[in-house]
Amino acid sequence: MEITNVSEYEAIAKQKLPKMVFDYYASGAEDQWTLSENRNAFSRILFRPRILIDVSKIDITTTVLGFKISMPIMIAPTAMQKMAHPEGEYATARAASAAGTIMTLSSWATSSVEEVASTGPGIRFFQLYVYKDRHVVAQLVRRAERAGFKAIALTVDTPRLGRREADIKNRFTLPPFLTLKNFEGLDLGKMDEANDSGLASYVAGQIDRSLSWKDVKWLQTITQLPILVKGVLTAEDTRLAIQAGAAGIIVSNHGARQLDYVPATIMALEEVVKAAQGRVPVFLDGGVRRGTDVFKALALGASGIFIGRPVVFSLAAEGESGVRKVLQMLREEFELTMALSGCRSLKEITRNHIAADWDQPHARPLPRL
């Protein structure tokens, strides 16, 4: 049966993958309220399309931190991709490069920064977890720089791992034939079996809970690469991130895997954009499954979006060609949304192209979806 949208890959991945692996990718924290809200919140934003505009030519190219990309749709960091498919991060890197967009490699990848760089040309960012041992961090950042990575996405919402009950039930651990490749030579590449989640135990042992804004400053002393702060949900932290020298902000709730009952990222986006006041670009990840979602994020002020789960699900289903197809489907849907909304370039997408259910006052109430 032909796959016609991004969401269909999830069911295929569920059939193909071992339960422990699928649950690790698919689940969120605790009640998983934010997990469903990340998706549902998009349906509370409706379009105000403009008609009779010549949309025979549409340009969806953009620049991110000065790098020209084919579309404002990029790949978020997702860990341990070789659990999904033997080619793992190699396949994802090739798919991103073929689509002319950016891949973000996870610290906890099952392929190293050097291995991913070896797949060929491409614009790549590196997602960083700050370990207790800062020599490990400095070494890793230097390796990413040497391998040609163009930015650091610093994850700031994980001083401790969120409570993911599926991982506890499944006693999640990295399969024995895989390692966290970036840490292999440092004896930090393996994950022990634990009484609950092996990853939670690993994080408790290795990741620095004392991480603070001064470390964002420290990071700038060890690298010239621009730093994106990933995991911001409030105006207050947006202002602090900019003060601390962030080159950009990723509005993220970690795929609803950390603190449950935080808002959907699309709900938090506008607050962050307003606080940033155009000083740095703001990006969104979480819940994007349609080109319409991409348009809604841009209308609310995002400079681009990142997709996570659609990548691992399509990777599990069809390897590199699955990831290529996800990027192509989102691209085509987004371009169609632009045409039907009367927008010919990204700068023509405005707040007036959408009506959100929190907008007041309206002449008549919006229909509840």
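Residues numbered from 1 in each chain as written. Predicted model: local features only at pLDDT ≥ 70, side-chain atom pairs only at ≥ 80, totals over all residues. Heavy atoms only, no water.

Digging into the nonpolar core
For step 1, the next point in the chain: Counting residues in hydrophobic clusters, the biggest one holds 106 residues, and the most contacted among them are Trp108, Leu128, Tyr131, Ile266, Leu269 and Phe334.
For step 2, the next point in the chain: Look past the residues within four positions of Leu269 in its chain and what remains in contact with it is Val251, Val282, Leu284, Ala297, Leu300 and Ala302.
For step 3, the next point in the chain: Core analysis: the next-biggest nonpolar cluster, separate from the first, contains 13 residues, Val64, Ala76, Ala153 and Phe283 among them. (Core = buried A, V, L, I, M, F, W, Y, C linked by side-chain atoms within 4.5 Å. Buried < 20%, exposed > 50% of the residue type's maximum accessible area, 1.4 Å probe, protein only. Contact = heavy atoms within 4.5 Å.)

Observations regarding helix α12 (residues 291-299)
Residue pairs spaced three or four apart in an α-helix point in one direction, given the helix's 3.6 residues per turn.
For step 1, the next point in the chain: The buried fraction of α12 is high, at eight of nine residues.
For step 2, the next point in the chain: Positive phi shows up at Gly301, right after α12, with a value of about 110 degrees. (Helix = DSSP H or I, 4+ residues; strand = E, 2+ residues; numbered from the N terminus.)

Looking at the side chain of Ser106
For step 1, the next point in the chain: Along the chain, the position of Ser106 falls in the loop between β5 (103-105) and α5 (113-117).
For step 2, the next point in the chain: We classify Ser106 as buried; its relative accessible area is 4%.
For step 3, the next point in the chain: Here Trp108 takes part through its backbone nitrogen, which lies 2.9 Å from a polar atom of the side chain of Ser106. (Polar contact = N/O pair within 3.5 Å; in protein donor to acceptor, adjacent residues only side chain to side chain.)

A word on the packing of helix α1 (residues 8-16) against helix α13 (residues 309-341)
For step 1, the next point in the chain: Packing of α1 against α13 leaves a shortest axis separation of 10 Å and a crossing angle of 170 degrees. On the basis of their axis angle, the class for α1 and α13 is roughly antiparallel. Of the two possible hands of crossing, α1 and α13 adopt the one that is left-handed. Where α1 abuts α13, its residues Tyr9, Glu10, Ile12, Ala13 and Lys16 lie against Phe313, Ser314, Ala316, Ala317, Glu318, Gly322, Lys325, Val326 and Met329.
For step 2, the next point in the chain: Residues belonging to the contact of α1 with α13 are distributed by class as follows: eight nonpolar, two polar and four charged. (Axes fitted to C-alpha atoms, helices over the stretch in contact; angles between N-to-C directions. Parallel < 35°, antiparallel > 145°, perpendicular 65-115°, else oblique. Left-handed = near helix turned anticlockwise from the far one by under 90°. Nonpolar A, V, L, I, M, F, W, Y, C, P; charged D, E, K, R; others polar.)

With respect to the pairing of strand β9 (residues 248-251)
For step 1, the next point in the chain: Covered by surrounding structure in β9 are Gly248 and Ile250 together with Ile249 and Val251, the residues of both alternating faces.
For step 2, the next point in the chain: Here four bridges tie strand β8 (residues 227-232) to β9, and the two strands are oriented parallel to one another. Counterpart to Lys230 in the pairing with β9 is Ile250.
For step 3, the next point in the chain: The β-α-β motif built from β8, the intervening helix α10 (residues 235-243) and the parallel element β9 has right-handed crossover chirality.
For step 4, the next point in the chain: In the sheet, β9 pairs with strand β10 (residues 282-285) via three bridges, with the strands oriented parallel. Bridge pairing links Ile250 to Phe283 in β10. (Pairing = 2+ DSSP bridges. Right-handed = clockwise from strand over helix to strand, strands pointing away.)

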